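# Structural overview
For reference, the chains in residue letters:
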Amino acid sequence: AEFFCSSCNAPLCSECAEQSATGEYYCYECAMLHSITEVGTTIKGRHEKREERKGKAKKRWGPFGYFVIVSTVLIAVMWGVIIFGKKPAPPAATQIATNDRVLLFMVDGAIKRYALYEGNTYPAQLTELLPDYLSLREGEAAFLTRLTYRPDPPGR
């Protein structure tokens, strides 16, 4: 015998001895057991390696992952504003007493906003547009009487 098994101390000849990477010698049976335990093929070793891989996979948030999260949040907020938010009526910045076209333009926009936010229905009277859809200063609501308004009858 030239060597002794590092695990079971069995005498080994040079043909029977299995040398490990650390310079230790093993018999055939002990070499098999030693290689299996080094690789971690025991059930406990497999569970530990699986947990290590799970831990590493959770830490792989790169710039693209953050981009996806931020984009998703922004899109959700945008849809929330579109669906649930009412667009405020534009302020009356000009003298509508002297310019009937401006009044007509403002009323037209208010009717369209009313239809959009009220389920594709139209007001029975122009005064229903005040103050949510048509922003007029105090005393300017009387100018709505200059306009003739009648909603289309159903079915048109």
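Residues numbered from 1 in each chain as written. Predicted model: local features only at pLDDT ≥ 70, side-chain atom pairs only at ≥ 80, totals over all residues. Heavy atoms only, no water.

### What to know about the overall build of the chain
Each helix and strand counted, the chain has 4 helices and 4 strands in total. Ordered by position in the sequence, the α and β elements of the chain form the string β-β-β-β-α-α-α-α. The 156 residues of the chain split such that 19% are buried. Counting contacts in the chain only where the partners sit at least 6 residues apart, residues at least 24 apart contribute 37% of the total. Carbon and sulfur atoms make up 60% of the accessible area of the chain, which amounts to about 12,400 Å² in all. (Helix = DSSP H or I, 4+ residues; strand = E, 2+ residues; numbered from the N terminus. Buried < 20%, exposed > 50% of the residue type's maximum accessible area, 1.4 Å probe, protein only. Contact = heavy atoms within 4.5 Å. Areas by Shrake-Rupley, 256 points an atom, 1.4 Å probe, with all protein chains shown as cover.)

### Focus: the confidence of the model for the chain
Considering every residue of the chain, the mean pLDDT works out to 77; 76% of them sit at 70 or more. Confidence scores differ between elements of the chain, with helix α2 (residues 43-58) showing the lowest mean pLDDT of 66 and strand β2 (residues 11-12) the highest of 91. (pLDDT = per-residue confidence, 0-100.)

### Digging into the packing of aromatic side chains
Under the definition given, this model contains 2 aromatic pairs. Centre to centre, the rings of F3 and Y25 are 4.0 Å apart; their planes meet at 25 degrees, and the pair counts as stacked. Here Y25 lies in strand β4 (residues 25-26) and F3 lies in strand β1 (residues 3-4), a separation of 22 residues in the sequence. On the basis of relative accessibility, which here comes to 22%, the residue F3 falls in the partly exposed class. Since its relative accessible area comes to 23%, Y25 is described here as partly exposed. Judged by centre distance (6.3 Å) and plane angle (35 degrees), the ring pair of F64 and F67 falls under tilted. Taken together, the residues span about one helical turn, with F64 and F67 both in helix α3 (residues 63-84) at a distance of 3 residues. (Phe/Tyr/Trp six-rings, centres within 6.5 Å; stacked < 30°, edge-to-face > 60°.)

### Digging into the environment of A142
Of note, A142 is situated in the segment after α4 (100-117). Judged by its relative accessible area of 53%, A142 falls in the exposed class. For the pair formed by A142 and T127, sequence separation is 15 residues and the distance between their alpha carbons is 9.6 Å.

### Notes on the nonpolar core
Formed by L103, M106, V107, A110, I111, Y114, L126, L129, Y133, L134, L136 and L144, the largest nonpolar core amounts to 12 residues. Discounting residues that sit within four places of it in the chain, A110 has contacts with L129, Y133 and L134. Membership of the second largest hydrophobic core comes to 7 residues, among which are C5, L12, C30 and A31. (Core = buried A, V, L, I, M, F, W, Y, C linked by side-chain atoms within 4.5 Å.)

### What to know about the state of the cysteines
All told, the structure shown has 0 disulfides when counted by the stated rule. No disulfide involves C16; its nearest neighbouring cysteine sulfur is the one of C13, lying 3.4 Å away. Of the cysteine sulfurs around C27, a residue in no disulfide, the closest is that of C30, at 3.5 Å. (Disulfide = S-S within 2.5 Å.)

### Quick look at α4
Each full turn of the α-helix corresponds to 3.6 residues, which orients residues three or four apart in the same direction. Between its first and last C-alpha, α4 extends 26 Å over 18 residues, near the 26 Å set by a 1.5 Å rise per residue. Within the sequence span of α4, burial applies to L103, M106, V107, A110, I111, R113, Y114 and A115. The positive-phi residue at the C-terminal boundary of α4 is G119, with phi of around 75 degrees. (Expected span 1.5 Å × (residues − 1).)

### Considerations on a nonpolar patch on the surface
Together, I75, M78, W79, I82, I83 and F84 make up an exposed nonpolar region whose accessible area comes to about 700 Å². For W79, the location among the structural elements is in helix α3. (Patch = residues over 30% accessible without salt bridge, like charges linked within 9 Å, V, L, I, M, F, W, Y side chains within 5 Å. Salt bridge = Lys/Arg side-chain N within 4 Å of Asp/Glu carboxyl O.)

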